[in-house]
Amino acid sequence: MNVRQWSRDLALGVRFALTGGREGWVRLLLTGVGVGLGVALLLLTTAIPNALAARDAREDARTDITFSWEDVPKGDDTILVANVSTTYHGANIRGREVEPDGPHAPAPPGVSKLPAPGEMVVSPALEELLASGEGRLLRERLPERIVGTIGESGLVGPAELVFVRGGEDLESRIDTAAAVARIDGFGDREPQPSEPWDPVLLLMVLVVFVVLLMPVGVFIATAVRFGGERRDRRLAALRLIGSDSRMTRRIAAGEALAGALLGLLFGAVFFLLARQLAGSVELLEISVYPSYLSPSPLLAVLVAVAVPAAAVLVTLLALRGVVIEPLGVVRLSRPARRRLWWRLLLPVVGLAMLAPMIGQGGDDGNFNQYLVTGGVVLLLVGVTALLPWVVETVVARLGAGPVSWQLAVRRLQVSSGSAARMVNGIAVAVAGAIALQMLFAGAESQYTRDSGKDLSRAQMSVRVPEGTALDTVAEEFRATEGVDAVYALSSTYANDRPGDEAELISEVTVGDCRTLREVAALPSCQDGDVFVVNGAAYDEATPELAKAGRTLWFDAAQDSPGEPTGWTVPGTLKEAQSVDDPTGMRRGGFLFTPSALPEGAEGAVSHEVFLGIDRSVPDAPEHVRNTAAAVDPYSEPSQWASVERSERFDSIRTGLFVGAACVLFLIGASLLVSQLEQLRERRKLLSALVAFGTRRRTLSLSVLWQTAVPIALGLALSMTVGLALGAVLLKMTAVPVVVDWVSVWSMTGFGAAVVLAVTLLSLPPLLRLMRPDGLRTE
Amino acid sequence: MTATATPPAGSLLTAHDLRKAYGPTTALDGASFSIHPGEVVAVMGPSGSGKSTLLHCLAGIVTPDSGSITYSGREMATMNDSQRSALRRSEFGFVFQFGQLVPELTCVENVALPLRLNGTSRKEAERAALTWMERLEVDGLKGKRPGEVSGGQGQRVAVARALVTNPRVLFADEPTGALDSLNGERVMELLTEAARSTNAAVVLVTHEARVAAYSDREVVVRDGKSRDMERIV
Amino acid sequence: MSIGHTLLGLLESGPRHGYDLKRAFDEKFGHDRPLHYGQVYSTMSRLLKNGLVEVDGIEPGGGPERKRYAITDAGVTDVQQWLATPEKPEPYLQSTLYTKVVLALLTHRNAAELLDTQRSEHLRLMRILTDRKRQGDLADQLICDHALFHLEADLRWLELTAARLDRLAEAVTR
């Protein structure tokens, strides 16, 4: 078999595909679209690492405030930068306040002219948000005049929300807030070797890739087989005019090749469209510029070579069990009985590969990516290998029923392989999606549970800078719309030795009697009292320190290099029982009423305001943030409510669901195509059945069963494998196994919807074919 | 050939002045027909003359554009589709040239199919099917699929299927068209014998004289018009 | 083949001389075997005797070839009867059937009906043979089959002729 002959036969096949008349074109188009969608997805996935790298590079280039930098002396080429980032409606907004020290001060990337105090430059997305009605409250928080937009070089994505505004007197804050720094240039001077990925995240990404790509592979394999029966007849005709069996196979492969090549073309177009679309889409707060999404040339070439090659191989493989004779195509009527052992081997080996990593995700887990990917792939491939066996075995045992059932079951018994092939794609997609959703849901519930905050009293907290009058701030928050409870707590630390020599450290909470009762059960309280708290978790220092006569040292204020203040533990120390504070924690240490606090200790006291939010007031958190920004722009309120987190999870779930839905849609389309083809094949038979009085209902139902039985089996199998895979993945991340039934049922529902849709869509042609015209032979 | 509007006495199935066009092609242009119980009538004529259309109209598969068909005193034009389907299920039997056996079902299941469509239980239907298969000498094939039997055997299975409901009219459209002479003759012999034994009427569409020779009389269809030869001679 | 009926049929389109009759016959039916004039003469005198034709006129010069014959009403009826009666199905009927079809066409009678009638007659015999075959032994079957296949061949010819009637009519009436 030489290359010239191969290429000649393949080319002949390509020509057949192109000159197949209307039917041929439709088939070619379907194959092209199917393969094209797969190719586009492949190209996108190969482009994602590049896109993320491009984002990282941008992020590095605008780095300003770091903890590791040494003090930069003030000069005419330095600039003061403060982090004034905020959150709006759950979206992060990167904010910077800048104050140049001199005329040569550097500007952040993308900012051509530094804004003066009272001015700001914003990213296009933020500008749009501020101008819209949706951004009204944010505009109150950011009232500065917009004097320009930030260019692409200063943004990591088109949808990123960024502002840079002019600041004043940042120097005074340089030590009190870590969020202010003096720098002489933007960009990371000492780029850290990129941090290893969070193992859980890495696992998710690996699984997502596998789950998305596997069905694509299955789909491409199915797509190149569209129009199989018709092709068979054409091939038989070729044999009749004298082509030998090998040539015929190569010509068939050539036809598949045509579809695959067209698919590559479509794929490139789809990819370019998706790339443009990606510029206007934000997923998980990540948006990318279309220009970032360029697949590495090597991977693109790989796709371009692998897809047509796979098409040829799949066709040759599919024709293995087929004898093409001049007078027709004979399928080996009784193919060897499907063996179970090697099919079971795949998922078992997959599980075995995953097993050693169970429980490694806790703290510093590291996953062997090859084992993980291999394991997941083997489990999912196991689905495709097991399904034909399951379908064959189950269908062979399906028994009596009405005529429609009998017709469908018998049909499936004769061709269980093709039925299984059709639903394989669905099975892999569903198995993967269920596993992934379990992983996401499990990981997510884990994170929410960890916060452990008591959300019944306070849902937000704001740090108030030292030296600010707490009462005034509390008053301002009380006046804020949507706030119905304000707890102002001040805290500092009391140590066994002054300054840095401290070994035993105890928490000190300062507040009036009313506020202190929020954190502990007090027997009695009046100003001047000091309490020692029992019952706090992990507090071993306090019993040691709370001995009458012992001298404790309070921290000095940071900005005044004064002496630490000493305090002697009095004999009148009252005992208090710790209760859940507004954050849901049990505090330990000492409780001081304001007048009991020794002179000089108040400088190091930090204040925090805990706020109860009236959830019925829309945008209450945004009102709080506005007030907080007015009090101190450099500290950001945190919101504890789990609402936002689960919203984010919802978006992941939605994304996955949409992805799975797309895959199911694709597979539904190919199911429909083969269903229609099969119906057309049987036109005569259908007419004959109608002639002797078969009800339309009977035949329609039989079409329904024919789709429903394999899909039901596929879903059952994929649910089993999906749940098993999900459980293993959760075990690997050391997260309690929770079945996400919502996604399980929604996937099942979607599978059922595909069955129904395919049946419904094949009904009109079925009814048309059932007209007696099929009986006309003349 | 001047058929009257009133069906001839004792006629089981009568058609009068049928017209049917498929688009611009006229398939029937005033065809008439009648058959008595137990009678075998051959419908002959060149290709495209409208023989098959006449059979389809008589069997209630196709509704004629005009004209009347009476079966057992009932006017078919007044029946709706499901009534006509029910009629075909219970009173008529069909044998076609090919493409009629469901390839996935075994032979006995194929034969039992019309009974099952009528609601007979599977067991009972298959027992009756087997009786008929014996009569047509194909009971040895019961477990085989249609793809595994020869053309003549398959056609005999089809005849068994057509007769399993004890139909009063058997419609056969080129039943031997795909068979060689010997097999064709065997099928015709068994078919006419079985039909006569149950007093079923047979409408036999064929263009082969030797097949038509198994009939009691013939009707010639030419250009959509029928000529009942018995009335002329 | 009945020459008498054929000549009578030819006369239906109008009176002719004996010589014209011979020429018309040879042209339409006599392809390889032209009619002897003696045959025409003896046939015509028999028809004359039976009252199926009459002498329409005699041209000067005498001799039978100078006589002009015309068909009588009885003659027309005779032709009609002949055409409507199917031939006994037997091998090698084509020449008679062909003559009948052509005559029917020439005299604007329904040739298709003639063919259908003949087919019916063939089928009648085929039914009898089929019946005999079913009851007989192998020898009977083989003998009957031989006859059946021949009859079938005739029938096929009938079908084919029926399908080509239009073209034939065009050819003979030209």
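See the structure above.
Treat the numbers as computed from the prediction; the structure is a model and nothing was measured.

1. A look at the overall build of chain A
Next up, step 1: Per the secondary structure count, chain A includes 20 helices and 20 strands.
Next up, step 2: Split into buried and exposed, the 778 residues of chain A put 50% on the buried side.
Next up, step 3: Here the contacts in chain A between residues at least 6 apart in sequence split such that 81% fall between residues at least 24 apart.
Next up, step 4: Split by element, the accessible area of chain A, about 35700 Å² in all, is 59% carbon and sulfur.

2. Some thoughts on the overall build of chain B
Next up, step 1: A tally of regular secondary structure across chain B gives eight helices and ten strands.
Next up, step 2: Per-residue burial for chain B yields a buried fraction of 60% across its 233 residues.
Next up, step 3: In chain B, 71% of the contacts between residues at least 6 apart in sequence involve partners at least 24 apart.
Next up, step 4: Put simply, chain B shows about 8400 Å² of open surface, and 49% of that area lies on carbon and sulfur atoms.

3. As for the interface of chain B and chain C
Next up, step 1: Of the residues lining the interface, 21 residues belong to chain B; the matching set on chain C comes to 19 residues.
Next up, step 2: Summed over both partners, the interface of chain B with chain C comes to about 1800 Å²; 50% of that surface belongs to carbon and sulfur atoms.
Next up, step 3: Taken as a group, Arg210, Ala213 and Arg222 of chain B account for 30% of the area that chain B buries against chain C, more than any other trio of residues on that side.
Next up, step 4: Where chain B touches chain C, the interface holds four salt bridges.
Next up, step 5: For Glu185 of chain B, the salt bridge identified is with Lys133 of chain C, shortest N-O distance 2.9 Å.
Next up, step 6: Taken together, the links from chain B to chain C amount to eight residue pairs in polar contact (both at pLDDT 80 or more).
Next up, step 7: Those elements that provide at least two residues to the side of chain B that touches chain C are helix H6 (181-197), helix H7 (209-212) and strand E9 (217-222) of chain B.
Next up, step 8: For the side of chain B that touches chain C, the element with the highest residue contribution is H6 of chain B, accounting for five residues.
Next up, step 9: The residue inventory of the side of chain B that touches chain C, partitioned by class, reads nine nonpolar, two polar and ten charged.

4. Focus on the packing of aromatic side chains
Next up, step 1: Enumeration over the complete set of coordinates arrives at seven aromatic pairs over all chains.
Next up, step 2: Ring geometry for Phe94 of chain B against Phe96 of chain B: centres 5.9 Å apart, planes inclined by 15 degrees, an arrangement best described as stacked.
Next up, step 3: Of the residues examined, Phe96 of chain B reaches a relative accessible area of 5% and is grouped as buried.
Next up, step 4: We note Lys100 of chain C situated over the ring of Trp82 of chain C; from NZ or CZ to the ring centre the distance is 5.2 Å.

5. Looking at the pattern of salt bridges
Residues and elements named next belong to chain B.
Next up, step 1: Evaluated as defined, the whole model comprises 35 salt bridges over all chains.
Next up, step 2: With its nearest N and O atoms 3.7 Å apart, the salt bridge here joins Lys20 to Asp65. Taken together, the residues span a long stretch of sequence, with Lys20 in strand E1 (residues 13-22) and Asp65 in the loop between helix H1 (51-58) and strand E4 (66-71) at a distance of 45 residues.
Next up, step 3: By relative accessible area, Lys20 is classed as buried at 13%.
Next up, step 4: The exposure class of Asp65 is partly exposed, given its relative accessible area of 49%.

6. A short note on the sheet that holds E4 of chain B
Residue and element names in this part refer to chain B.
Next up, step 1: Pairing is antiparallel in the open sheet, where four strands are placed in the order E2-E1-E4-E5. Strand pairing shows two members of the sheet lacking a second neighbour, strand E2 (25-35) and strand E5 (74-75), which therefore form its edges.
Next up, step 2: In this sheet, E4 lies alongside E1 in antiparallel orientation, the contact comprising five bridges. Opposite Thr14, over in E4, you have Thr70 as the bridge partner.
Next up, step 3: Helix-sheet contacts for H1 involve E1, E2 and E4, and the interaxial angle to E2 is about 60 degrees.

7. Considering the packing of helix H1 (residues 3-11) of chain C against helix H4 (residues 73-84) of chain C
Residue and element names in this part refer to chain C.
Next up, step 1: With their axes 9 Å apart at the nearest point, H1 and H4 run at an angle of 120 degrees to one another. By the angle between their directions, the pair H1 and H4 is classed as oblique. Viewed along their axes, H1 and H4 form a crossing whose handedness is left-handed. Between H1, through His5, Thr6, Leu8 and Gly9, and H4, the contact on the second element is made entirely by Gly75, Asp78, Val79 and Trp82.
Next up, step 2: Of the residues in the contact of H1 with H4, the class split is three nonpolar, four polar and one charged.

8. A word on the state of the cysteines
Residues and elements named next belong to chain A.
Next up, step 1: In total, this model carries one disulfide over all chains according to the counting rule given.
Next up, step 2: Across the disulfide, Cys513 is cross-linked to Cys525 (sulfur-sulfur distance 1.9 Å). Of note, the bridge from Cys513 to Cys525 carries an S-S torsion of about -80 degrees and is left-handed in sense. Residue Cys513 is located in helix H14 (residues 513-516), and its partner Cys525 is located in the loop between strand E13 (520-521) and strand E14 (530-534); the two are separated by twelve residues in the primary sequence.
Next up, step 3: In this structure Cys513 comes out as buried when scored by relative accessible area, which is 18%.

9. Re the interface of chain B and chain A
Next up, step 1: Between chain B and chain A, the residue contacts involve 33 residues of the former and 30 residues of the latter.
Next up, step 2: Buried area between chain B and chain A, both sides added, is near 2800 Å², and the carbon and sulfur share of it is 56%.
Next up, step 3: By the criterion of area lost to chain A, the three top residues of chain B are Glu104, Arg116 and Leu117 of chain B, representing 22% of everything that side buries.
Next up, step 4: Along the contact surface separating chain B from chain A lie three salt bridges.
Next up, step 5: Glu109 of chain B is the partner of Arg410 of chain A in a salt bridge, and the nearest nitrogen-oxygen pair spans 2.1 Å.
Next up, step 6: In this structure, the connection of chain B to chain A is made through nine residue pairs in polar contact (both at pLDDT 80 or more).

10. Some words on the pairing of strand E11 (residues 483-495) of chain A
Residue and element names in this part refer to chain A.
Next up, step 1: E11 sits mainly inside the fold: ten of its 13 residues count as buried.
Next up, step 2: Bridge count for E11 against strand E19 (residues 606-613) is eight bridges, and the pairing is antiparallel. By the bridge assignment for E19, Ser491 is matched with Ser606.
Next up, step 3: Inspection of the sheet shows E11 paired to strand E12 (residues 505-510) by six bridges, in the antiparallel sense. Its bridge partner lying in E12, Tyr493 is registered against Glu507.
Next up, step 4: For E11 and strand E15 (residues 551-554), the ladder comprises two bridges, and the chain directions are antiparallel. Its bridge partner lying in E15, Ala494 is registered against Phe554.

11. Considering the sheet that holds strand E3 (residues 67-71) of chain C
Residues and elements named next belong to chain C.
Next up, step 1: Pairing is antiparallel across the open sheet formed by three strands, whose spatial order is E1-E3-E2. Looking along the sheet, the strands with just one partner apiece sit at the ends: strand E1 (16-17) and strand E2 (53-58).
Next up, step 2: Bridge analysis of E1 against E3 gives two bridges, and the strand direction is antiparallel. Looking across to E3, one finds that Arg16 is bridged to Tyr69.

12. Quick notes on the nonpolar core
Next up, step 1: By size, the foremost hydrophobic cluster in this structure holds 54 residues, and its most contacted members are Leu13, Phe33, Leu54, Phe92, Phe94, Phe171 and Val203 of chain B.
Next up, step 2: For this core, the element with the most residues is helix H18 (residues 683-691) of chain A, which contributes six residues.
Next up, step 3: Once residues lying within four places of it in the same chain are set aside, the contact partners of Phe171 of chain B are Leu13, Leu55, Leu58, Ala59, Phe92, Gly93, Phe94, Val95 and Val203 of chain B.
Next up, step 4: Core analysis: the second largest hydrophobic core is formed by 52 residues, Val409, Ala420, Leu725 and Met747 of chain A among them.

13. Regarding the side chain of Ser123 of chain A
Residues and elements named next belong to chain A.
Next up, step 1: Its location among the elements puts Ser123 in the loop between strand E4 (119-122) and helix H3 (124-131).
Next up, step 2: A polar contact is formed between the side chain of Ser123 and the backbone oxygen of Glu160, at a distance of 2.7 Å.
Next up, step 3: Each residue touching Ser123, except ones within four places of it in the same chain, is listed here: Ile150, Leu155, Glu160, Leu161 and Val162.

About the thresholds
Residues numbered from 1 in each chain as written. Chains lettered and ligands numbered in written order. Predicted model: local features only at pLDDT ≥ 70, side-chain atom pairs only at ≥ 80, totals over all residues. Heavy atoms only, no water. Helix = DSSP H or I, 4+ residues; strand = E, 2+ residues; numbered from the N terminus. Buried < 20%, exposed > 50% of the residue type's maximum accessible area, 1.4 Å probe, protein only. Contact = heavy atoms within 4.5 Å. Areas by Shrake-Rupley, 256 points an atom, 1.4 Å probe, with all protein chains shown as cover. Buried area = accessible area lost by both parts, 1.4 Å probe. Salt bridge = Lys/Arg side-chain N within 4 Å of Asp/Glu carboxyl O. Polar contact = N/O pair within 3.5 Å; in protein donor to acceptor, adjacent residues only side chain to side chain. Nonpolar A, V, L, I, M, F, W, Y, C, P; charged D, E, K, R; others polar. Phe/Tyr/Trp six-rings, centres within 6.5 Å; stacked < 30°, edge-to-face > 60°. Lys NZ or Arg CZ within 6 Å of the ring centre and 35° of its normal. Pairing = 2+ DSSP bridges. Axes fitted to C-alpha atoms, helices over the stretch in contact; angles between N-to-C directions. Parallel < 35°, antiparallel > 145°, perpendicular 65-115°, else oblique. Left-handed = near helix turned anticlockwise from the far one by under 90°. Disulfide = S-S within 2.5 Å. Core = buried A, V, L, I, M, F, W, Y, C linked by side-chain atoms within 4.5 Å.

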